[in-house]
Amino acid sequence: FCFGGDMERALDHLMPMPVVVTPGEGALILNGLSVDVPTPRLQIALRRLLGRLESAGGLPLSILEEGQGTHFLMAVPAVVSNHPMPDMDESYRLSIAADGVRLTAVSEVGALRGLQTLLQLFDCAEGSWRLPCCEIEDRPRFSWRGMLLDTSRHFMQKEHVLRLLDCMEVAKLNVLHFHLANDQGFRMECETFPKLHEEGSEGAYYTKEDMAEIIAIAADRGIRVVPEFCLPGHSVSWQVAYPELSASDDPPTCIGETRGAFSIPIDPSRDATYAFIDKFVAEMAEVFPDPHFHTGGDEVNPTAWKENPCIKAFMDAQGFKRGRDLQAYFTGRYAALVAKHGKIPIGWEEVLHSDV
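Residues numbered from 1 in each chain as written. Predicted model: local features only at pLDDT ≥ 70, side-chain atom pairs only at ≥ 80, totals over all residues. Heavy atoms only, no water.

**Describing the packing of helix α4 (residues 158–170) against helix α6 (residues 208–220)**
A pair of packed helices can be characterised by two numbers: the angle between their axes and the separation between those axes.
Okay, so step 1: Packing of α4 against α6 leaves a shortest axis separation of 10 Å and a crossing angle of 10°. Relative to α6, α4 is oriented roughly parallel. From α4, K158, V161, L162 and L165 reach across to α6, where they touch D210, E213, I214, I217 and A218.
Okay, so step 2: Of the residues belonging to the contact of α4 with α6, the class tally is six nonpolar, no polar and three charged. (Axes fitted to C-alpha atoms, helices over the stretch in contact; angles between N-to-C directions. Helix = DSSP H or I, 4+ residues; strand = E, 2+ residues; numbered from the N terminus. Parallel < 35°, antiparallel > 145°, perpendicular 65-115°, else oblique. Contact = heavy atoms within 4.5 Å. Nonpolar A, V, L, I, M, F, W, Y, C, P; charged D, E, K, R; others polar.)

In structure tokens, the structure reads:
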């Protein structure tokens, strides 16, 4: 926020810079706000904005009855989507003039983005809040503006994830890429295979209740939550919980265990592996409403595959000459299971292969 600064300078320091910023004449002095807000989510978002102002400047800005304060109108259709989606319209128009503030958007999410622009424009000077008169038109350049949070390697308590969501809202980031399973820990409660979180996490994981709260709070900030459950590599926590998944006859016995540069992958040659993944994805697809589901696929060490006689025989029978060919086979089957349960599979660049 600006404190006793130049009003036009505030327009120059918006971040990210809106598509069109047209300065007006003078400033709007705020005497409380008389608000016209169409949805509960936006009402809460406005109160969140006012709380941030008070925390930053120590000067409260009250919501008053109609006609008693500066008029603030949100012209937004009252159609509400429970969860933000990849095709959400995030555009908005913000008008600040002598007669008040008007925020126009075609969706709740667009209005949420406009509120964050408004937040950056507030100036506290001479005992009152003020805003520079201006016209702003904005829409995002990129539809995926993500933060990757890897709690598998370094667990973060739920309240810290929620604080991150607040920071993402202010920065207008819209995707929390939530990396929940890796060699160092499996961080999501799974009722179908409970050993995953019981033995693969050292007790540090998110319950389904935790995740429902995280997803709901993210949605209130216009943020999607995309889970990542990495396979076939980076899967030691899976194998500690269920050794039968391992590509080695000597499976890892503690999470985080590596042998060589990277860890032992799971066995992609057994149908039982895919039956396991099928049931797992079915449960997780119910937990996460976003259409995307990240399958991982990075940094797979094929050594254990080549050293396992059964897997080597499978590769020979399939005509796979390299570990990458076997990984492509696995990627295709994992992706098909994700699609079966109504999700769009995503993978790291290592999954690129002519057969995928």
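Moving on from the coordinates now.
**Examining the environment of F280**
Okay, so step 1: Here F280 is to be found in helix α8 (residues 271–287).
Okay, so step 2: Using a relative accessible area of 1% as the deciding quantity, one classes F280 as buried.
Okay, so step 3: Excluding residues that lie within four positions of it along the chain, F280 makes contacts with F186, C190, F193, L196, F229 and W238. (Buried < 20%, exposed > 50% of the residue type's maximum accessible area, 1.4 Å probe, protein only.)

**Looking at unusual backbone geometry**
Okay, so step 1: The omega torsion of the bond from M15 to P16 falls at -5°, within 30 degrees of zero and hence cis.
Okay, so step 2: Position of P16 relative to the elements: it lies in the loop between α1 (7–12) and β1 (20–29).
Okay, so step 3: Going from L231 to P232, the amide bond is cis rather than trans, its omega being 5°.
Okay, so step 4: Within the element layout of this structure, P232 appears in the loop between β11 (224–229) and α7 (236–241).
Okay, so step 5: Here the phi dihedral of K172 falls at roughly 60°; this positive angle occurs in a residue that is not glycine.

**Let's talk about helix α2 (residues 40–57)**
Okay, so step 1: Between its first and last C-alpha, α2 extends 26 Å over 18 residues, near the 26 Å set by a 1.5 Å rise per residue.
Okay, so step 2: All buried positions along α2 are accounted for by R41, L42, A45, L46, R48, L49, L50, R52 and L53.
Okay, so step 3: Where α2 is buried, its residues meet β2 (33–36), β3 (70–75), α3 (108–121), β7 (128–138), α4 and α6.
Okay, so step 4: Positive backbone phi, approximately 70°, marks G58, located one or two places after α2. (Expected span 1.5 Å × (residues − 1).)

**Some remarks on the pairing of strand β8 (residues 146–150)**
For a regular strand, the rule is simple: side chains alternate between the two faces of the sheet.
Okay, so step 1: Bridge analysis of β8 against strand β9 (residues 175–182) gives five bridges, and the strand direction is parallel. Of the residues in β9, the one forming a bridge with L148 is H177.
Okay, so step 2: Taken together, β8, α4 and β9 form a β-α-β motif whose crossover is right-handed. (Pairing = 2+ DSSP bridges. Right-handed = clockwise from strand over helix to strand, strands pointing away.)

**Quick word on the state of the cysteines**
Okay, so step 1: This structure, assessed with the given rule, holds zero disulfides.
Okay, so step 2: Here C254 is not disulfide-linked; the sulfur of C230 is the nearest cysteine sulfur, at 18 Å.
Okay, so step 3: On the accessibility criterion, C254 (41% relative accessible area) is partly exposed. (Disulfide = S-S within 2.5 Å.)

**Here we look at the pattern of salt bridges**
Okay, so step 1: Counted by the stated rule, this structure contains 22 salt bridges.
Okay, so step 2: Here K312 ties to D316 by a salt bridge, and the two come within 2.9 Å at their closest N and O atoms. Placement of the pair is K312 and D316 together in helix α10 (residues 309–318), with a separation of four residues, close to one helical turn.
Okay, so step 3: By relative accessible area, which is 34% here, K312 ends up partly exposed. (Salt bridge = Lys/Arg side-chain N within 4 Å of Asp/Glu carboxyl O.)

**Concerning α4**
Residues lying three or four places apart along an α-helix face the same way, a consequence of the helix completing one turn every 3.6 residues.
Okay, so step 1: Taking 1.5 Å as the rise per residue, α4 with 13 residues should run 18 Å; its terminal C-alpha atoms sit 19 Å apart, in good agreement.
Okay, so step 2: Turning to α4, its buried residues are V161, L162, L164, L165, M168 and E169. End-on view of α4: buried residues confined to an arc of 155°, all on one side of the axis.
Okay, so step 3: At its buried positions, α4 is contacted by α2, α3, β8, β9 and α6. (Arc of directions from axis to C-beta.)

**As for the packing of aromatic side chains**
Okay, so step 1: Taken as a whole and judged by the stated rule, the model has 20 aromatic pairs.
Okay, so step 2: Geometrically, the ring pair formed by F193 and F276 is stacked, given 3.7 Å between the ring centres and 20° between the ring planes. One end of the pair, F193, is in the loop between β10 (185–186) and α5 (195–199); the other, F276, is in helix α8, and 83 residues separate them in sequence.
Okay, so step 3: You can call F193 buried: its relative accessible area is 11%.
Okay, so step 4: Note on Y274 and Y329: the rings are 6.3 Å apart at their centroids and 85° apart in plane angle, and the pair reads as edge-to-face. (Phe/Tyr/Trp six-rings, centres within 6.5 Å; stacked < 30°, edge-to-face > 60°.)

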